[in-house]
Structures are given as C-alpha cells and as structure tokens.
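Structural features, examined
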Amino acid sequence: MAKVKSLADLKKIKDEVQSKMKLRENSEQPEKMVQVKVAMATCGIASGAKETMNYMIEEFDHQSIEAVVTQTGCMGYCYAEPTIEVTLPGKEPVVFGHVDKKKAQEVIETYVKKGELIDGVIPVNYKTIDE
Amino acid sequence: MADYKMHMLVCGGTGCRASESKKIRQNLDASIQANGLEDSVQVVETGCFGFCEKGPVVKILPDNTFYVQVRPEDADQIVAEHIVKGRQVKHLLYEDPTKQEVIADSKDMGFYKKQVRIALRNCGFIDPENIDEYISRDGYAALATCLGDMTPEQVIDTMKESGLRGRGGGGFPTGLKWQFTRNSVSEQKYVVCNADEGDPGAFMDRSILEGDPHSVLEAMAICGYAIGADTGLIYIRAEYPLAIDRLKVAIKQAREIGLLGNDIMGTGFNFDVELRYGAGAFVCGEETALIHSMEGLRGEPTFKPPFPAVEGYLKKPTNVNNVETLANVPVIINKGAEWFASIGTDKSKGTKVFALAGKINNVGLIEVPMGTTLREVIFDIGGGIKDGKKFKAVQTGGPSGGCLTEEHLDTPIDFDNLLSVGSMMGSGGMIVMDEDDCMVSVAKFYLEFTLDESCGKCTPCRIGNKRLYEILDKITQGKGTKEDLDRLRMLGNVIKDTSLCGLGQTSPNPILSTLDNFYDEYLAHVEDGRCPAGQCKALLQYKIIDDKCTGCTLCFRQCPVAAISGERKSPHFIDQSLCIKCGVCYEKCKFDAIEIV
Ligand SMILES: Cc1cc2nc3c(=O)[nH]c(=O)nc-3n(C[C@H](O)[C@H](O)[C@H](O)COP(=O)(O)O)c2cc1C
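Residues numbered from 1 in each chain as written. Chains lettered and ligands numbered in written order. Predicted model: local features only at pLDDT ≥ 70, side-chain atom pairs only at ≥ 80, totals over all residues. Heavy atoms only, no water.

Here chain B is partitioned into domain 1 (6–113), domain 2 (136–341), domain 3 (351–434), domain 4 (439–527) and domain 5 (541–596). The distance between the C-alpha centroids of domain 4 of chain B and domain 5 of chain B comes to 36 Å. (Domains from an automatic or database assignment.)

So this is what it looks like as structure tokens:
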C-alpha cells in the first residue's frame, strides 16, 4: 500500500472515502442541510415512493446538493401518494403530493434550488408531537 | 464503489458483543444479501454507543433510527421492514422510561442531548478496524500538522494553552507534563499510554480503545514528537481482549501506510508503538508501579520524585498519559487550543467521559462538558433513578473518591469543585445510589476493594486499611460504638498522610466522605443498632404483623431454614434465633404482613 507522505495524501484518502462517509456525517447534523422525508408506508410504496426516493438521492448526489433523504411512515395523505416532506435549512417543512420522478425533479430545481414554491403543496394538517 | 443509501451501525463494544452483537451483524449482512441490497446498504461494526443499558444497539442512517435490545433473530425483520418497506420496527424502538413515550430518533433522546463528544467523537460512528474511516474524520491530520508545520515547542505550547488536564485521576496539566519530559535530556525517551483502568465499574478507556484506537496512536506519536521520543508503549490489562485486538489491527494499518514506523510522512521522525500487558491489578495503574510492571518487576509503586518525566521506564524519561487524555490531543491540534479552552469551566477545560452505573435508568458511557452539574448528568442524561426510587448519593472518583448527596447535585462537575466538596473526579466512574443503599456498606465495599488491591509495600496502607475494614465490619454487624466512628476518622487521616502512593493516600476517602455526609446513618448503626436503609442483615429483624397475617402458610413453606411456625388461618411467628434474614418471606407475602424493623 502507498505510504502517506503529507497532509495532501491524507486528504486524498479522505476524499476517496468521502462518498461512503458523507451519509454518516450528514445525518449528524440534518438541520444544516436539505431534509427530505419520503412517506414509505404500503400506499406510498405501491405508488412508487421507492423510485422517487432513489431518484432524489441520486439527483442530490449528482448535483452536489447537501441533503439527507430518509424514509418515514404514512403521513396521512394517501390520496396524494407518493408524498414527500421537504425542509430547507431554517425553513418550515413543506409537503408535496403526487411526487413522481418528474415532480421530484421540479421540486429540486424550483423549490430546493431557488426556494420558489410549486403546485402540489399539501397544506400541513398536523403537528408532530415534538412541536 | 458501492453507492450506499443507508448505513446500519451495529455496536461492537464489549458489552453489546456479550449480547451477541456479532451475530446480529452477521444476520444483518446475510439478510441484506438475501434481499440483494448489498450495494445500497452498508453494515458497519462500530465502537460503543454509550447506551449500554439497552444494548445491543443498532442505529440506522440517515434517519438516525435507534434500535435497542436487538436480538440476532430481529435482523430479518429490521431489513424487511425498515430497509425494504421503510417502516420502523416499533417494538425495537427505545421507550423513555420517565415519559413513557417511544423515541425513534437518537437525536431526541435525553441521553444524547446534553452530551458533547470530543474523546468519544468517533465511538459508535466509525469502523474502528478501518483506518480510512478514521482518516475521513481528519484522523492523522493533527500528526501531519505537527510534523509539517509546528516545532515541538509549539505543540507543547498548544497543549498548555488548551488547558487539558490528565483524565487518569490526578488532573495534572498535560502540556506541563510534556514540557518536563521534553526538558529531561536523554538519548532515549518513552511515551506510555496508561490503559490499566482499574477502577471498579469503569470502562471509559476500554471503550475509546475499542471504538477509536487510532486516536490514541496518533496522540502518542504527537507526544513523541513533542518530547523527543521514538517509542510508545501501551500498558493494557489482559482482561481487555477486544481492545487489544483492535489496537493490534490499528497499529498494523498505521504501519502499512507509514503513519507509524521510520521516517513518518517523509519528515525523518520515527515513532512506533508496542503493547505491554498487565494482569489487572489496580495499583499497576499508578504510574510508577505501572513502569515497574513493564520492566518485569513487581507492580509496586516507588516514591516520587524522581517523577517518570525524569526517570521512568528503564530509568529513561517517560511521559505517562491516560487513554482519554490522549484521545483529546488530535482534536486540540486540529481545532486549536482556543476552541478547546472555550469548553468547560475556569480551571477544567474540555469534556469528561463518565461511566454511569448503579441505580440509574440509563446505565452507560457519556461525555459532557466540564461544568455540567451532577443533576443534569443523573437526571437528564441518566434518566433519573430506577423504579421511581429516591436519589440518595452519587459516588465519584472510584475507590479514591467520595459520596456526594442531594445538596451537591447542583455542583458543576470539574476537578476543583469535586475536591472541594470532599470527592474527586478520578477517572470517571459515577455510581448512583438510591434510598435502599446503606452508606456504611458502600464504604465497606470500597475498602474491601482497596484491601484486596493494596500491594502491601507500605505499612499504613497494608495494615491501616485492614483495621479500617475491621471497624466498618463491626459497625455493620451492630457491634460498633461511637468511639469507633472517631477512630475511623483518625486512622483514615493517618493513612492518607503517611501512605507511599496514591492508593493509600486516597483509600480512606469513601469512609471520610460518608462520615461527613451521612453521619446520622453511622450513628443509627452504632447507637440504635439500626440500619436505616435495611441493608445490614445483622441489624434487621423480619416480623409478622399479626393483624395483617391471614395464616396462608406461604412464608412458612418458603422459609429455607424453617424459622417460621404457626397454624393455618392464624398469625405466624418468626423465630429470630433461626432467621437468616434472607428476605424470602418478605418478598413472597401477598398481604404485606411482614415488616422489617
Ligand atoms: C492507585 C492508583 C491507580 C491508578 N490507576 C490509573 C488507571 O487505571 N489509569 C490511569 O490512566 N491512571 C491511573 N492512575 C493515575 C496515574 O498514576 C497517572 O497519574 C496517570 O496515568 C497520568 O496520566 P494523565 O496525566 O493523562 O491523567 C492511578 C493512580 C493511582 C494512585
């Protein structure tokens, strides 16, 4: 194995494992990045939530957007599955309905990157217990 | 490389391993494979998460779902439900015992909220057997900075400015110690890591070595550079096999990529680390005894001075530091002395790791900023007293420390505050006691330990502690007198003043502090022949309350020594001369008809 000769060499190793460790680092401080929760109960999965989730993870990665994509249980909007909840740093969560790949792309391009709302926002009709 | 979308962190600390965490890991791996998910889910075995109370622990990222008391057979369900379907496995989630609500996200657990992790920064986060993961957390960057951009004096100055004090018990300023060893002129010097960890119930150092061995190796190399040493020795007890294995792996990996060995990073600096095994004697944690043990001599202390910094291992200048002390070093170099000094109190900087134990809901390993109060540690992080009982005392500092009471709960924890209230920081054991604990028995327990562990070299410790123990034993037997209490105090102070090493100089502390803080309880033993906590068997009597006894004969049948007599349907009677005070009748009675007096 090549010997480490400098700080730069260490940095190289660090960069190489970065992709593997990034997910762990990001989950330490989710509040500082874009957080996306994908509703993945039976109804969500049946309407393609899994594909939406994978697409979003790949797209964030692709565009180097710091984001944490997690799955969550049923959010109660079964009529609008797949649903996702997006929280931009320092903002209130926003829930989008009927998020297929195309919609997911729109969410990323318009809401995540520019902060502009798009159609399909579901008014939040619940408070979570920790609020 | 596989593009993992989820990580499953499985605790591989000694505690969780003892509850089959290795099997859990294997089963998770198998299940991930069976579902064809090996490219998107990574299973990692990490060091201790600290939440030992509810181990084995499995944490799922990125959602931080925290599964507790996981069994190997749960692996399939976790994969099938959580990973494949995205549903949390409810029955494995943690339930907060005080609020009785389920908490899925570890970030929301009281246990983690007040913690600041510096020494434990990588424990439960990285795979300790993978040097790349350590490097990805800025591992070895501090060593590179020291070798590349700093003079040894600058390194020492940084340590001094940080205010770091030794975590092995003494609290001696680390930068100053390094300075002394640097000032000693010699061709050969040594860096020794004290991983003896002899305090009963303590497992801070073990967890650091198991969870993040490279942090200690890196710090030893930095210390070597600062003081002018090329050899590091880790003195570790043979009872820590997992820590030893992980250290061996870490040393091998560091050598392979040239972070230990000759000409490190092309700077001409040589440094290598070897392991030395101890047989698990408390006194061998004392630095001079430790050095003698490494030299192949009896593990007995010698008088200081000369200090090891002047004359240590093989008579060469030797810098001895504790594991946790060292684990702080790389972070201080990376983030700066000022950053470190901004955490903690006036004279105690940074954080301290504690092993929480005793009658507390969240037994485990925690790290808090200096200045956190005992109350915050016990009630917010520790989740309060078990079974809704009342807090009575907290013991800090192990066999050298003391017992503190309710009135000390708002004391901010640091080296000087704990000393001023009659205890000490020690290495970080913290044992919580409730109303059922007898303080005389607690003092006796610690003394029994020091008695066992005293090396016998000096008279005050060898004989004095024995006499102290005999007096305590007499008191718990109900044969003590008030004069005995004065004798305890006087003898204790003599032992403190005249013993050769820190063992004897501190061994009377558990007695002296309980005498100070729980004098009434001692008095009850010697004057009224009563143990208020109901622990000293010789002072107890089990009695049957005639009005409540239905004559069901249950106690009569359960009594192992046939001390209970009586007719069916009429009140029973306990013959005190036969009773061995086992308490079976008291536990079994369905009518609360037996009282302890
Ligand atoms: C009886 C006795 C036992 C000790 N046991 C330990 C121990 O297990 N681990 C430890 O690091 N220091 C222990 N010490 C303290 C060491 O003598 C020494 O002060 C310490 O290793 C120095 O490192 P530090 O400055 O980093 O704390 C013990 C001291 C005494 C008197």
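Still more to cover.
Another aspect to go through is the interface of chain B and chain A. Listed per partner, the contact involves 44 residues of chain B and 37 residues of chain A. In total, about 3300 Å² of surface goes out of reach between chain B and chain A, with carbon and sulfur atoms giving 58% of it. Scanning the region where chain B abuts chain A turns up four salt bridges. Glu133(B) serves as the salt-bridge partner of Lys20(A), at 3.5 Å between the closest nitrogen and oxygen. Seen at the junction of chain B and chain A, the total is 14 residue pairs in polar contact (both at pLDDT 80 or more). Breaking the side of chain B that touches chain A down by element, the ones donating at least two residues are strand 1 (6–11), strand 2 (41–46), helix 3 (75–85), helix 5 (131–136), helix 6 (141–149) and helix 11 (241–256) of chain B. In terms of residue class, the side of chain B that touches chain A is built from 18 nonpolar, 11 polar and 15 charged. (Contact = heavy atoms within 4.5 Å. Buried area = accessible area lost by both parts, 1.4 Å probe. Salt bridge = Lys/Arg side-chain N within 4 Å of Asp/Glu carboxyl O. Polar contact = N/O pair within 3.5 Å; in protein donor to acceptor, adjacent residues only side chain to side chain. Helix = DSSP H or I, 4+ residues; strand = E, 2+ residues; numbered from the N terminus. Nonpolar A, V, L, I, M, F, W, Y, C, P; charged D, E, K, R; others polar.)

So, on to the layout of surface pockets. Unfilled space is identified by rolling a water-sized probe across the atoms. Its boundaries defined by the atoms lining it, the second largest pocket holds a volume of some 1400 Å³. Counted by class, the lining of the second largest pocket contains 18 nonpolar, 21 polar and 11 charged residues. (1 Å grid on protein atoms, 1.4 Å probe; cavity = no way out; pocket = protein on both sides within 12 Å on 5 of 7 lines; lining within 4 Å. Points joined across faces, edges and corners; volume = space filled by probe spheres on them.)

For the rest of this paragraph, the subject is the side chain of Thr506(B). All names here are of chain B. Looking at where threonine 506 falls in the secondary structure, it is placed in helix 20 (residues 502–506). At a separation of 2.7 Å, a polar atom in the side chain of threonine 506 contacts the main-chain carbonyl oxygen of glycine 502. Once residues lying within four places of it in the same chain are set aside, the contact partners of threonine 506 are Pro399 and Ser400.

Quick look at the nonpolar core now. Within the largest apolar cluster, 76 residues are counted, with the highest numbers of intra-cluster contacts made by Tyr140(B), Trp178(B), Ile234(B) and Leu259(B). At 10 residues, helix 10 (residues 213–227) of chain B tops the list of elements feeding residues into this core. Two domains each donate at least three residues to this core, and these are domain 2 (136–341) and domain 3 (351–434) of chain B. Discounting residues that sit within four places of it in the chain, Leu259(B) has contacts with Val4(A), Leu10(A), Ile131(B), Ile135(B), Tyr140(B), Leu143(B), Ala254(B), Ile264(B) and Met265(B). Judged by nonpolar contacts, the second largest core, of 37 residues, contains Phe66(B), Met370(B), Leu404(B) and Val432(B). (Core = buried A, V, L, I, M, F, W, Y, C linked by side-chain atoms within 4.5 Å. Buried < 20%, exposed > 50% of the residue type's maximum accessible area, 1.4 Å probe, protein only.)

Moving on: unusual backbone geometry. Both trends apply: most residues other than glycine have a negative phi, and most peptide bonds are in trans. Geometrically, the link from Gly55(B) to Pro56(B) is a cis peptide bond, its omega value of -5° lying close to zero. In this structure, Pro56(B) sits in the loop between strand 2 and strand 3 (58–61). The residue after Pro305(B), namely Pro306(B), is reached through a cis peptide bond having omega 5°. Summarising the element assignment, Pro306(B) is placed in the loop between helix 12 (287–294) and strand 11 (318–322). Within the chain, Ser64(A) stands out as a residue other than glycine whose phi angle is a positive 55°.

Let us look at the pairing of strand 8 (residues 231–237) of chain B. Residues and elements named next belong to chain B. With respect to burial, strand 8 is a largely interior element, seven of its seven residues being buried. Residues of strand 8 alternate between two faces, with Thr231, Leu233, Tyr235 and Arg237 on one and Gly232, Ile234 and Ile236 on the opposite face, all of them buried. The pairing of strand 7 (residues 190–195) with strand 8 spans six bridges and is classified as parallel. Bridging from a neighbouring strand, valine 191 pairs with glycine 232 of strand 8. When strand 8 meets strand 10 (residues 269–278), the two strands line up parallel, connected through seven bridges. Paired with tyrosine 235 across the strands is arginine 276, a residue of strand 10. (Pairing = 2+ DSSP bridges.)

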